[in-house]
Amino acid sequence: MAGAQSVRPHSQEGEQTSDFQSRPLHDGRLWVHVHSSKRYKSSTLDLFLPTVLQPHRATGLALISRLLERGTQSYPSLQQLNRHTDLLYGARYFAATQRHGAFQTLRLHFSALDDRYLPRSEALLRKGARLLSDALHRPHAPTGVFDPDWVEQEKTGLLNTLAASLADRSNRAQRRCLQIMCASEPYRLSADGEAVEIKAFDEHTLTALLRDHLEQGVGHLYVCGDIDVDRACKLGEQFPPRSDVARKLCVGTEHTDRPARQVVEFGEASQGRLIVGHRSGIHLAHGDYPALLLLNLILGGDIYGRLYRRVREQEGLCYHIASYVEPMAGFLFVEAGIEAIHLQRVLNHIVDELHTLASQGPTSEELDNARRISLHRLEGAADHRDALIHFDLLRRLAAAPVDRLRLVEEVRQVRVESVRDVARHIVRDTAYLLAPGLTESAGGGV
Amino acid sequence: MSTQVGHGQQPDSSERTHAMLGERICHHRWQNGVQLWACPRPGRSVSMHLSVAAGALHRQIPGIELPAGTAHFLEHRLFEKQDGDLSARFAALGADIDAETGYTHTSFTCAVQPDAVDPSLRLMARLVQESYFPTEAVEREREIIQREIELYEDHLEWVAFHAATRALYANQPIAEDIAGTTQTLCSIDAETLNQAHTHLYGPDRIQLIIVGPVDNKETLDLVGELFGSTASCLNTNLTRPEPAKVVPRRIETSLAVSRPRLWLGLGAASPWDKPHQAMQRELHLEWVLDILLGGASPFFSQHYESALIDAESFGSEIYVDEPFSFCLIGGDTDDPQRLGETLLATLIDSQTPDQIRADVDRARRRAYGELVSSFEDDDSVREFIETAALRSCHPFDLVDLYLETDAEDLIATWDLTIRDREAAWAVVGPNVENRSGD
């Protein structure tokens, strides 16, 4: 099974989906996507600069995002920057690296109240665009490179952040399962970087990396609020172009015939954390993706899913069990908090339910229920601009020719047989258990 | 139409529009005590929230002392009825349903498409009004809750919060886990649940908040039909939680995490008996802590740069409710002792009034932005209404509190709740010996 996604250059005329009007700027090197709505009391700017997750680079970008949050040439300290945004009536600014499937995006966000809620016109969104542009192109770099003190502070900060993240047992189990499952794929990497790589960076390498990142690929600026496309594009003009439009980002999932793996690692934990990773080969751009969405809900998407009913309610083996889909790779994960002695029983239940779905399909009632929940969520997403942005960016990175309302229509068409057929494509790859035990294990027993 | 609501009095019915926010909130209280807050606004989903004044601190009901964890156990068992599990019926409506138990309330939240409001609300009424606790199901639920307790035993946020409440309120109900313990779970049976349901789920303890594309008249009629006519014959005063008494001490708890987490706890008597004061206390504390420790403060910059604090975990939480009033301040740090001492020195600094006066305009602008943003999506509108409604305030009165607050109000709150207060210390982390110093 394999899936492949690529970021393709868009046409130059612009496009319109159910949620966004999009226009290219700078010869298609920056796309401005506008969701015009008076529903909100604030407007938002979200700039995404994506790249495929890569070792070393991912860590560097994570460090850069922290530095961009510290200040700019105009606001050269954390206190000055925070005071500036507070005085913009509690405007919110952040920079972060985020994961979208096999991609890492450097994201800069700004949100602020609309003028109609202020005592006088302040044009906060224009000030926000300036802030984001300055953060990227005029960062605090007193000698032409990032401030070395800041770099050292952020290296320590990122080390602490990564350590805290892995101390969360559920995060750690999810991370380890992906690392084992996707040992040679970008999916194994975290958008937050790797602790062991932090030491290698200094102010010079990070400054060069930011410059390089700004010159790669296509950027996406999402503007949401009471604003029209022309005004939004004017804001976008504040961002100098990325230079290499022809570069194509392309990733795929691994072809694999290897047998399913079962890995148990030990650590200090009050309860075992189980993550079972499956491959389906059905990602967002695939015609069967709507059926995969519904299969997930039927299996373990919510409290009425089969696994919840069987493993928790009937067997009392856990408090938490749920499944979720990674849309860009077509992975299906099941996660649960269990006693280690129940591992095999829980795995058997998961296998059994998937086999039943593959042989008999869901009941009509199950399918109808899952469809209603899915439609409610997809249609309700129209009220949440963060959800709209997330979905639109995912579909662009996945080169999926489906927008939200088309997906709604496709979910309406899913039949029992489609879910059954999708269940036949689900193959377990890795079952990972972080089990309570005195021995901390980095490698893992099988 | 706008009807002014006087402080401390709720009329039986009101409809108020806030011109600046452009929002309308309708409130109705039926004779049996059930209250509805409806905020009609455009959208594709309706958020319905049912709150019952039945929380972990409601331990005394006539004739019985409820074991710790009873309210939470009850919340778990309410979905199953004699004719089957209501979860499946919510699913058939495409509804997302969730439930949560806190110290003073249990809440059920349902998000649903507009055309499913009627049947979903009927299910929510059944959820809280019908009791059905077969012994076998109660036994099975005990196992599930035991798993839930275990799941949270290594969850840093929860362990640290629990350590902080133990450090503030030694050996009192608030210091016990909301879900109870293995021992207390064993003493909760079907009869306990029946008793608790009878006394804690009366109509005078129920508030409904509905936000989204709904018709106010239709909603009022439907809620009236489902909730407004049920009889209320129990005396709510018999089931009030005891006020928690602040007894600060130091608690150290071992947990395998990367760095210690420090919470300093500052408690005070709850101002619940005076209308609007709980809201004022919470609001003023937020501003004071923003000025003294927030992102734009000298404290934050200095100690972020020295790595004593980090941006991800450092912050404060404020809890003001009928039986308690406290705030927690802290975060992850390599040196909890130094962080605690530095925090205390900053919090009680004699220059604080001057700092508040100098920075109040920035804090006001920031708070104003957060206030208006609270009315952007249905869930945050619902949370805003709940915050006010559970404190016997009209939500728009809370808006006015924001606009009327000045530096002297903040200084008075600082003086009353922070200055000269003895702090409780809770340290959770690696290489920490379990210790609860009295």
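All values derive from a computational prediction rather than experimental measurement.

Caption draft 1: Highlighting the sheet that holds strand β3 (residues 35–40) of chain B. Residues and elements named next belong to chain B. Taken in spatial order, the seven strands make up an open sheet running β1-β2-β3-β11-β4-β10-β9, and their pairing is mixed. A single partner strand is all that each edge strand has here, and the edge strands are β1 (13–18) and β9 (96–101). Across the sheet, the axes of successive neighbouring strands diverge by a mean angle of 15 degrees, strand direction being ignored. Of the pairings in the sheet, the one linking strand β4 (residues 46–52) to strand β11 (residues 206–212) comprises six bridges and is antiparallel in character. Bridge assignment links histidine 49 to a residue of β11, and that residue is isoleucine 209.

Caption draft 2: Expanded view of the domain arrangement of chain B. Residue and element names in this part refer to chain B. One can read the domain layout of chain B as domain 1 (18–154 + 169–239) and domain 2 (250–437). Relative placement of domain 1 and domain 2: their C-alpha centres are 29 Å apart. Residue-level contacts link 26 residues of domain 1 with 25 residues of domain 2. Summed over both partners, the interface of domain 1 with domain 2 comes to about 2,200 Å²; 71% of that surface belongs to carbon and sulfur atoms. Three residues, Leu21, Ile25 and Trp37, lead the burial of domain 1 against domain 2; their summed loss comes to 22% of the area buried on that side. Applying the counting rule to domain 1 against domain 2 returns one salt bridge. Across the pair aspartate 378 and arginine 41 runs a salt bridge whose closest N-O atoms are separated by 3.0 Å. For the interface between domain 1 and domain 2, the tally reads seven residue pairs in polar contact (both at pLDDT 80 or more). For the side of domain 1 that touches domain 2, the elements supplying multiple residues, two or more each, are β2 (23–29), β3, β4 and β11. At four residues, the largest contribution of residues to the side of domain 1 that touches domain 2 is made by β11. Within the side of domain 1 that touches domain 2, the residues separate by chemical class into eleven nonpolar, ten polar and five charged.

Caption draft 3: Up close: the packing of aromatic side chains. Summed over all chains, the structure comprises 19 aromatic pairs over all chains. Residues Phe20(A) and Tyr222(A) carry aromatic rings whose centres are separated by 5.2 Å and whose planes lie at 75 degrees to one another, so their mutual orientation is edge-to-face. Highlighted residues: Phe20(A) in the loop between β2 (15–16) and β3 (21–25) and Tyr222(A) in strand β8 (residues 219–225), separated in sequence by 202 residues. Taken individually, Phe20(A) and Tyr222(A) each receive the classification buried, so the pair is uniform in this respect. Ring geometry for Phe300(B) against Tyr304(B): centres 6.0 Å apart, planes inclined by 10 degrees, an arrangement best described as stacked. Of the two residues, Phe300(B) and Tyr304(B) both sit in helix α10 (residues 298–305), four residues apart, roughly one turn of that helix. Across the pair, exposure class does not vary: Phe300(B) and Tyr304(B) are buried alike.

Cut-offs and rules
- Residues numbered from 1 in each chain as written.
- Chains lettered and ligands numbered in written order.
- Predicted model: local features only at pLDDT ≥ 70, side-chain atom pairs only at ≥ 80, totals over all residues.
- Heavy atoms only, no water.
- Pairing = 2+ DSSP bridges.
- Helix = DSSP H or I, 4+ residues; strand = E, 2+ residues; numbered from the N terminus.
- Axes fitted to C-alpha atoms, helices over the stretch in contact; angles between N-to-C directions.
- Domains from an automatic or database assignment.
- Contact = heavy atoms within 4.5 Å.
- Buried area = accessible area lost by both parts, 1.4 Å probe.
- Salt bridge = Lys/Arg side-chain N within 4 Å of Asp/Glu carboxyl O.
- Polar contact = N/O pair within 3.5 Å; in protein donor to acceptor, adjacent residues only side chain to side chain.
- Nonpolar A, V, L, I, M, F, W, Y, C, P; charged D, E, K, R; others polar.
- Phe/Tyr/Trp six-rings, centres within 6.5 Å; stacked < 30°, edge-to-face > 60°.
- Buried < 20%, exposed > 50% of the residue type's maximum accessible area, 1.4 Å probe, protein only.

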